[in-house]
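# Working through the structure, step by step
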Amino acid sequence: MKGLFVAGTDAGCGKTHVCTALVRAWRARGIPAVGWAPVCCGDRHEARALREAMGLPALSLDLVNPVHLRTLAAPLMAAELEGREIKIDSLVKGCRAMAEQGAPVLVDSCGCWATPLASGVIMGDLALALQLPVLLVASNRLGAAGQVAMAVNAMRLAGAECCGVVLNSTSEEWDTACVTNAGLIERCTGVPVLAQLIAGQDELDAAAFEPLCGM
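About the criteria used
- Residues numbered from 1 in each chain as written.
- Predicted model: local features only at pLDDT ≥ 70, side-chain atom pairs only at ≥ 80, totals over all residues.
- Heavy atoms only, no water.
- Helix = DSSP H or I, 4+ residues; strand = E, 2+ residues; numbered from the N terminus.
- Axes fitted to C-alpha atoms, helices over the stretch in contact; angles between N-to-C directions.
- Parallel < 35°, antiparallel > 145°, perpendicular 65-115°, else oblique.
- Left-handed = near helix turned anticlockwise from the far one by under 90°.
- Contact = heavy atoms within 4.5 Å.
- Buried < 20%, exposed > 50% of the residue type's maximum accessible area, 1.4 Å probe, protein only.
- Pairing = 2+ DSSP bridges.
- Right-handed = clockwise from strand over helix to strand, strands pointing away.
- Expected span 1.5 Å × (residues − 1).
- Bend = angle between axes of the 7 residues up to and from the residue.
- Polar contact = N/O pair within 3.5 Å; in protein donor to acceptor, adjacent residues only side chain to side chain.
- Patch = residues over 30% accessible without salt bridge, like charges linked within 9 Å, V, L, I, M, F, W, Y side chains within 5 Å.
- Areas by Shrake-Rupley, 256 points an atom, 1.4 Å probe, with all protein chains shown as cover.
- Salt bridge = Lys/Arg side-chain N within 4 Å of Asp/Glu carboxyl O.
- Nonpolar A, V, L, I, M, F, W, Y, C, P; charged D, E, K, R; others polar.

### A closer look at the environment of Asp89
Along the chain, Asp89 turns up in helix α5 (residues 88–99). Between the C-alpha atom of Asp89 and that of Ile31, which follows or precedes it by 58 residues, the distance is 28 Å.

Printed below as a string of structure tokens:
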């Protein structure tokens, strides 16, 4: 299975924005990329955005997003409150089913690497089970370098390797941190910063990400 597991340094850093941009860019190049959101908590905005980016309005939302929890909380807590249990094996099967719709598969993870999914299970465990390269998205702001370093270290301790970082800016104003984060991240972690998005930018050079997927 070819694809990328798109992790984040925190909630709201822009994972879905990056996933949809990559899906659109790859499809524009004739590559049938698909987006998959294993778990959505609260609404299904991420899943709908991925389906729209694929240009497949008839595709079942339950295929794009197999686990929808209505409670806006960490998946473990939301599942417990709703009397449900998230199982890694079921999610892996769901990802394989999504891969039948096209490739590469962009996995839009929920929360960050350490977000609790089930008792003793975190989001990173799903990345390991899927055996996909990990792309890390971070908000380009003060503190981003430290957040990225912590996430990369956690991945390495778990036996995973971060193949690249995307810095996403939600503010039109760039301060010194925004300008220097990329160089600092590469210097401190050895992980390449593959893209720096300015506020509102929804286009990515998909070709730069293709080697990560073995394409």
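### Observations concerning the packing of helix α1 (residues 15–28) against helix α2 (residues 45–54)
Two numbers describe how α1 lies on α2: the axes approach to 8 Å, and their chain directions differ by 15 degrees. In this view, α1 runs roughly parallel relative to α2, as classed from their interaxial angle. Relative to α2, α1 is oriented so that their crossing is right-handed. In this structure, α1 contributes Thr16, Cys19, Thr20, Val23, Arg24 and Arg27 to the contact, and α2 contributes Glu46, Ala49, Leu50, Ala53 and Met54.

### Re the pairing of strand β8 (residues 134–139)
The element β8 is largely enclosed, with a buried count of six among its six residues. What you see with β8 is no split at all: Val134, Leu136 and Ala138 on one side and Leu135, Val137 and Ser139 on the other are buried throughout. Bridge analysis of strand β1 (residues 3–8) against β8 gives four bridges, and the strand direction is parallel. Bridged to Val6 within β8 is Leu135. The sheet contact formed by β8 and strand β9 (residues 162–168) spans six bridges and is parallel. Each residue of the ladder has a partner; that of Val137, found in β9, is Val166. Assessed by its sense of winding, the connection that carries the chain from β8 through helix α7 (residues 144–158) to β9 is right-handed.

### Concerning the environment of Asp202
Relative to the assigned elements, Asp202 resides in the segment after β10 (193–197). In this structure, the C-alpha to C-alpha distance between Asp202 and Val18, residues 184 residues apart in sequence, is 7.7 Å. Look past the residues within four positions of Asp202 in its chain and what remains in contact with it is His17, Ala21 and Arg24.

### Things to note about helix α8 (residues 176–189)
Over its 14 residues, α8 extends 20 Å from the first C-alpha to the last, a length consistent with the 20 Å expected when each residue adds 1.5 Å. Along α8, the sharpest kink reaches roughly 35 degrees, centred on Ala182. Along α8, the residues classified as buried are Ala177, Cys178, Asn181, Ala182, Ile185 and Thr189. Considering only its buried residues, α8 is in contact with α7, β9 and β10. Its side-chain oxygen 3.2 Å from the backbone nitrogen of Ala177, Asp175 forms the N-cap of α8. Positioned one or two residues after α8, Gly190 has a phi angle of 80 degrees, which is positive.

### A closer look at a nonpolar patch on the surface
Judged by side-chain polarity, Trp174, Val179 and Ile198 come together as a nonpolar surface patch covering roughly 290 Å² of accessible area. Mapping Trp174 onto the fold places it in the loop between β9 and α8. Given a relative accessible area of 34%, Trp174 falls into the partly exposed group.

### Quick notes on the packing of α5 against helix α6 (residues 123–130)
Between α5 and α6, the least distance of the axes is 10 Å, while the angle of their chain directions is 50 degrees. With respect to their mutual orientation, α5 and α6 come out oblique. The two elements α5 and α6 meet at a crossing, and its hand is right-handed. Along its contact with α5, which presents Ile88, Leu91, Val92 and Cys95, the element α6 presents Asp125, Leu126, Ala129 and Leu130. Among the residues making up the contact of α5 with α6, the classes are represented as seven nonpolar, no polar and one charged.

### What about the pattern of salt bridges?
Considering all chains together, one arrives at four salt bridges under this definition. Residue Asp62 pairs with Arg44 through a salt bridge whose shortest N-O separation is 2.7 Å. Of this pair, Asp62 sits in helix α3 (residues 61–64) while Arg44 sits in the loop between β3 (39–41) and α2, and the two are 18 residues apart along the sequence. Two residues, Glu161 and Arg156, come together in a salt bridge whose shortest N-O distance is 3.4 Å. Judged by relative accessible area, which is 48%, Glu161 ranks as partly exposed.

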